[in-house]
Amino acid sequence: MLAFGASGAFAGPSVTAAPAVDRSASAYDAQRHDALIVARREGRITAAQALQQLKDWLAAPIDGAARQRVASDAIAIASADGRFAEAAALGRQAKPSRLSDYALGPLALAARRTHDLALQGEAIGLWRAHQPGAREARIHEAYWRLDSGDVAGAQALYRALSQPAPTQVEDRVALLELRAALARAEKDPLQALAAYTEAGALRPGRGDIRREADFLLASSGAASSAFDNAEAAERAAPGSFSPLALSTLQQEALAQRLRWAIQARDQRIGAERVTALDRVLGDQEAALARADAAASKAAPEDAGAWRTVRARLLSDRLLALVERGRPADAVALYDTVRATGTELPPYGLGAAARALAQERRSAEAVPIYETAIARGGADLPMPNDIHLGLIYAYQDVGRFSDAEALLQRLEAATPALLHLAPEAGRPNGEYTEVSGMRGLMQLYTDRPALAQQSFAALAREAPFNAGYASGAALTERLREHPEAALARFEALATDAPYDVGARTGHVEALLDAGEFGEARRRAESLAADLPDSQQVRDMERRRLTQVGPRLDVDAGASSGGAAIANREWRIDSRLASGLIDDQWRVFYDQSLGRGTTDLGSANWARGGLGLGWQRGRWLAEGVLQHANGGPYRNSAAGRLDYRASDAWRLSATYDGDSKELPWKARVAGIGAHEAGASVGYVVNESRRFDLKWQQLDFSDGNLRSGLGLGWRERWVSTPAFQLETTLGADASRGRDIDTAPYFNPSSDGSAQLSARAQWLGWKRDDRQFFHVVELGGGTYRQAGFGSGPTWSLRYEHRWNLGSKLALRYGLRIASHPYDGVRELQRGVFLNLSMPLQ
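Throughout what follows, the structure given in this document is the object of discussion. Note that this is a predicted model, so its numbers are computed, not measured.

About the criteria used
In this convention, every chain numbers its residues from 1, walking through the sequence in written order. Restriction of local features to residues with pLDDT of at least 70 applies here, the model being predicted, together with a cutoff of 80 or more for giving and counting side-chain atom pairs; totals for whole chains, interfaces and linings are based on all residues. The basis for the side-chain values is all heavy atoms of the structure; hydrogens and waters are excluded. Going along the chain from the N terminus, every DSSP run of H or I of four or more residues is numbered as a helix, and every run of E of two or more is numbered as a strand. What the globule rule says is 2.2 Å times the number of residues to the power 0.38, and the radius of gyration is computed from C-alpha atoms. Each residue is assigned to one of three classes by its accessible area relative to the maximum for its type, calculated with a 1.4 Å probe on protein chains only: buried under 20%, partly exposed between the two thresholds, exposed over 50%. What makes two residues a contact is simply this: any of their non-hydrogen atoms within 4.5 Å. The method behind every accessible area is Shrake-Rupley, applied with a 1.4 Å probe, and residues are considered shielded solely by the protein chains displayed. Residues scored as positive are Lys and Arg, those scored as negative are Asp and Glu, and His as well as the terminal groups of each chain are ignored. Charge positions come from single atoms, namely NZ of Lys, CZ of Arg, CG of Asp or CD of Glu. Helix span is expected to be 1.5 Å times the residue number reduced by one. Side-chain atoms alone can form a polar contact between residues adjacent in sequence; in general such a contact is a pair of N or O atoms within 3.5 Å, and within protein one must be able to donate a hydrogen while the other accepts it. Aromatic pairing here means that ring centres of Phe, Tyr or Trp (its six-membered ring) are within 6.5 Å. Orientation follows from the plane angle: under 30 degrees is stacked, over 60 is edge-to-face, and everything else is tilted. At least two DSSP bridges between two strands are required for those strands to pair. Axis geometry follows a simple rule: fit a line to the C-alpha atoms, using only the stretch in contact for helices, then measure angles between N-to-C directions, giving values from 0 to 180 degrees. Under this scheme an angle from 65 to 115 degrees is roughly perpendicular, one under 35 degrees roughly parallel, and one over 145 degrees roughly antiparallel; angles in between are oblique. With the far helix as reference, a near helix turned anticlockwise by less than a right angle produces a left-handed crossing, and one turned clockwise produces a right-handed crossing. For this classification, the nonpolar set comprises Ala, Val, Leu, Ile, Met, Phe, Trp, Tyr, Cys and Pro, the charged set comprises Asp, Glu, Lys and Arg, and every other residue, Gly included, is treated as polar. What makes a nonpolar core is a set of buried Ala, Val, Leu, Ile, Met, Phe, Trp, Tyr and Cys residues whose side-chain atoms join them at distances within 4.5 Å. Nonpolar side chains (Val, Leu, Ile, Met, Phe, Trp, Tyr) within 5 Å and like charges within 9 Å form the patches, drawn only from residues with over 30% relative accessible area and no salt bridge. Basic side-chain nitrogens of Lys or Arg form a salt bridge, by our definition, when they fall within 4 Å of a carboxyl oxygen of Asp or Glu.

### Structural notes on the overall build of the protein
When helices and strands are tallied, the protein shows 27 helices and 16 strands. In terms of overall dimensions, the protein is more spread out than a globule: its C-alpha atoms have a radius of gyration of 40 Å, far above the 28 Å expected for 837 residues. Viewed in the frame of its principal axes, the protein has a C-alpha envelope of about 135 × 60 × 45 Å. Here the protein, with 837 residues, has 45% of them falling under the buried criterion. Long-range contacts, defined here as pairs at least 24 residues apart, represent 55% of the contacts in the protein between residues at least 6 apart. Surface summary for the protein: the accessible area is close to 39600 Å², and the carbon and sulfur share equals 55%. Here the protein contributes 100 positively and 102 negatively charged side chains, and the mean placements of these two sets differ by 1 Å.

So this is what it looks like as structure tokens:
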């Protein structure tokens, strides 16, 4: 808008170099005042110089009429020069009622630009009272009513001003500007743009009209075109746009290009999918450099606007880096921004938090997400990517109740059907996302049975939704149904061949099913198609962990069991290569141990070089091994596993130098061959039944066979606590050899029920720490000695450190009768599994 009411004395051009005002003759008199105004009109002094002299006079004791004239001219000059904050401050100091009429228009404009509605209304009220028929005053009143929310009152004034239609060009232009402002208030950008275009045609030299049109174009979804137009205008007529206006339009244009680049990336595969993103990142660097250079020369009153532009440019860059798959670079940029004290808008904070979460620093991401939501307030739509990111981050740090509360808020705020839509009953796309989030949250918090129900219901409602189908397939995986999961993902590969979640899930389902070759081929295809995808990178890291080399260690020591050994310890370890040709592994097994018994002590050391083969439902291993002593010091061992279906698992084993040989037998120089077989029936992750047979063929002629039955059931499964029980029964029989130096009942049997409770003590992303307590009790019957109770207590710490290490260690105490004598055995144990990739 023009500075309505500014007299011609104050509308002269601003110059960059002018003679300094003679401040030595600072005493006020009317002639000096007149000379000052003439000098300003003729461009011999700048607005800033004239304004400073007027302010000096205001600081001196001058009479009422002179003070009124000085204050009025100061306000008019400041407003005409765009120093609206200064003009408004002068108006408040001088009181609008004590100003000349020609200063009321500039004061109203300054008050409007500084959002001081009270001062704006007071100035306009006085102006209308003094000049009831003034057209400019009525136009200013219409703007004031718009700013106050009285759109109907502004429309009434517009209609009154339109009848009859003005003939003067300036009046027509002013009315068109008012029409544009009304159209913007009514959310009609096309009408507003048409009004600005018509006004610009009448006054092509009005740069402010061009600026308003370009900013409107930018806010209407054509920010790139608006910036191109502004740059062209600036090249043609330097000064048409201020550096601040150009940087603001450039930021909006780059933000729009970023959205387009993200959409283009998601619709393409291969390296070219990120070409547009890379261009945006390059142009963002140039835009930041341009903004920093211009801001360093800007007037102090524009400092806040420059900070806003820069914060938005930085936020856009954070988002671009995250979308480009460079979270580490985004985190580094955020650390730099935070060190400078820059306050980012909510979406910038959300991008920074997302980068931290991808870098497995969710504990740092959570407060940033929370700040973004608080800063966004009611203006932040719900649901939003920031809300969804915070739910995941809450889960990654173990704040499950907070995640549940936030998800419930999102569900309450997301109806299934849109309330405001061109036709009734249009589905709400955000409802789909939130509903799927419920099922995923149940999966990630160890409640797969609930997740299965959720995804089954959702898939019935939307059978072609790839997200729901992928969630259902993932549920089958976590319910230990690899074949069902694979079938679902294979169907998805046909129905949604480019869905990233479905493709990564398919790879992991293939790994579960033992199809390592196909998993590798699909993983390589994913990496070629989506090299920047964090989801693909995470999947590939998990795949390499599973198929790469690894070290496994199982160690234990105990004392107090005289029937078996007074003291014993043993360490079993395996070092395995990564998969060779997607199916073979070479491994080295080693067992070291020592047992101290009433008959003496024995040291045992055995090493074995083996070859394993795994493909699909089959797993086979063979080992050639050598021990330090015993009748079977050179032996072989083997294993064959077959997954007959998702329910049935079969296994057979053979060891030519059994690890289960009693220490007293080893002290006596006796060895044993061991054979075993098992059948497992898996209902799901919470219920399993096992039947096992084992036979030890001792070198002293003894043949001992045993049969065991087990039922494991998980009763409680929450993200922080699990409770399961195992009911087992077994019986064994051996040949009655009187000379056997080891514990060898002719027959025996036992039954035991154990309960296992697990608490989550700490969680950070894929790293977890658990406390585990297991308590068992039962009965043992031995031929010739009757029955007696048994009990055991076990406490352990369990660490899962992502793909780096799985570690368990703890204490165990147990009571068991042997040959009618009760023994109390105490022990420690440690299990370690470490990928070496």
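Moving on, there is more to tell.
### Quick notes on helix H24 (residues 500-512)
Along an α-helix, a turn takes 3.6 residues, which lines up residues three or four apart on a common side. In this model, H24 (13 residues) spans 19 Å end to end at C-alpha, consistent with the 18 Å of a helix rising 1.5 Å per residue. In terms of residue burial, H24 counts as a mostly covered element, since ten of its 13 residues are buried. Restricting attention to buried positions, one finds in H24 the residues Ala502, Arg503, Thr504, Gly505, His506, Val507, Glu508, Ala509, Leu510 and Leu511. Contacts made by the buried residues of H24 are with helix H22 (466-478), helix H23 (482-495), helix H25 (516-529) and helix H26 (534-547). With a side-chain oxygen lying 3.3 Å from the backbone nitrogen of glycine 501, the N-terminal cap of H24 falls on aspartate 499. Of the residues trailing H24, glycine 514 is marked for its positive phi of about 80 degrees.

### Considerations on helix H7 (residues 135-147)
For H7, built from 13 residues, the straight-helix expectation of 18 Å at 1.5 Å per residue is met to within 8% by its first-to-last C-alpha distance of 19 Å. Listed as buried for H7 are Ala137, Ile139, His140, Glu141, Ala142, Tyr143 and Leu146. On its buried face, H7 sits against helix H5 (101-113), helix H6 (117-130), helix H8 (151-162) and helix H9 (169-185). Taken from the residues just after H7, glycine 149 is the one with a positive phi, measuring 90 degrees.

### Here we look at the packing of aromatic side chains
Enumeration according to the criterion identifies eleven aromatic pairs in this entry. With centroids separated by 6.0 Å and ring planes inclined at 20 degrees, the aromatic side chains of phenylalanine 689 and tryptophan 711 adopt a geometry described as stacked. Of the two residues, phenylalanine 689 is situated in strand E9 (residues 687-698) and tryptophan 711 in strand E10 (residues 703-717); the sequence distance between them amounts to 22 residues. Given the relative accessible area of 32%, tryptophan 711 is considered partly exposed. Residues phenylalanine 721 and tryptophan 759 carry aromatic rings whose centres are separated by 5.5 Å and whose planes lie at 50 degrees to one another, so their mutual orientation is tilted. Residue phenylalanine 721 is found in strand E11 (residues 721-733), and its partner tryptophan 759 is found in strand E12 (residues 747-764); the two are separated by 38 residues along the sequence. On the accessibility criterion, tryptophan 759 (39% relative accessible area) is partly exposed. What links up through ring pairs into an aromatic cluster is the set Trp762, Phe769 and Trp799.

### A look at unusual backbone geometry
In the segment running from glutamine 163 into proline 164, the intervening peptide bond is cis, with an omega of -5 degrees. Mapped onto the fold, proline 164 is located in the loop between H8 and H9. Of note, lysine 95 is a non-glycine position whose phi angle comes to about 75 degrees, a positive value. Topologically, lysine 95 is positioned in the loop between helix H4 (84-94) and H5. With a relative accessible area of 43%, lysine 95 lands in the partly exposed category. Of note in the backbone geometry, aspartate 581 takes a positive phi value of approximately 55 degrees without being a glycine. With respect to the element layout, aspartate 581 can be found in the loop between strand E2 (565-576) and strand E3 (584-597).

### Details of the pairing of strand E6 (residues 634-643)
Two elements, strand E5 (residues 618-627) and E6, share nine bridges in a ladder whose sense is antiparallel. Among the inter-strand pairings, tryptophan 618 is bridged to a residue of E6, identified as tyrosine 642. Between the antiparallel neighbours E5 and E6 lie six residues, among them glycine 630 with a positive phi of about 95 degrees. With seven bridges joining them, E6 and strand E7 (residues 648-655) adopt antiparallel strand pairing. Bridge pairing in E7 links glycine 638 to tyrosine 654. Joining the antiparallel neighbours E6 and E7 is a turn of four residues.

### A few points about the side chain of glutamate 323
Summarising the element assignment, glutamate 323 is placed in helix H14 (residues 303-323). You can call glutamate 323 buried: its relative accessible area is 11%. Separated by 2.9 Å, the side chains of glutamate 323 and arginine 354 make a polar contact.

### Considering the packing of H4 against H5
Look at H4 against H5: their axes get within 8 Å of each other, and the N-to-C directions meet at 120 degrees. Viewed along their axes, H4 and H5 adopt a mutual orientation that is oblique. Pair H4 / H5 crosses with left-handed handedness. Between H4, through Phe84, Ala87, Ala88 and Gly91, and H5, the contact on the second element is made entirely by Leu107, Leu109, Ala110 and Arg113. Class assignment of the residues belonging to the contact of H4 with H5 gives a composition of six nonpolar, one polar and one charged.

### Details of the nonpolar core
Ranked by internal contacts, the top residues of the largest apolar core, which has 53 residues, are Leu313, Leu318, Tyr334, Leu344, Tyr369, Leu390 and Ile391. With nine residues, the top contributor of residues to this core is H14. If we skip the residues at most four places from it in the chain, leucine 313 touches Gln251, Leu254, Ala287, Leu288 and Ala291. Ranked by size, the runner-up nonpolar core spans 33 residues in total, among them Leu58, Ile75, Ala110 and Ala111.

### Thoughts on a nonpolar patch on the surface
On the surface, Leu575, Ile580, Trp584, Val586, Tyr588, Leu609, Leu611 and Leu836 cluster together to form a nonpolar patch covering roughly 700 Å² of accessible area. Counting residues per element, the ones that place at least two in the nonpolar patch are E3 and strand E4 (600-615). The dominant element in the nonpolar patch, judged by the number of residues it contributes, is E3, at three residues. Along the chain, the position of leucine 836 falls in the segment after strand E16 (821-835). Take leucine 836: its relative accessible area is 40%, and that puts it in the partly exposed class.

### Side note on the pattern of salt bridges
For the structure on display, the rule yields 58 salt bridges. Between glutamate 141 and arginine 128 there is a salt bridge, and its shortest N-O distance comes to 2.2 Å. With glutamate 141 in helix H7 and arginine 128 in helix H6, this residue pair connects regions lying 13 residues apart in the sequence. Judged by its relative accessible area of 12%, glutamate 141 is buried. Bridged by salt links that share partners, the residues Arg128, Glu141, Arg145 and Asp150 form one connected network.

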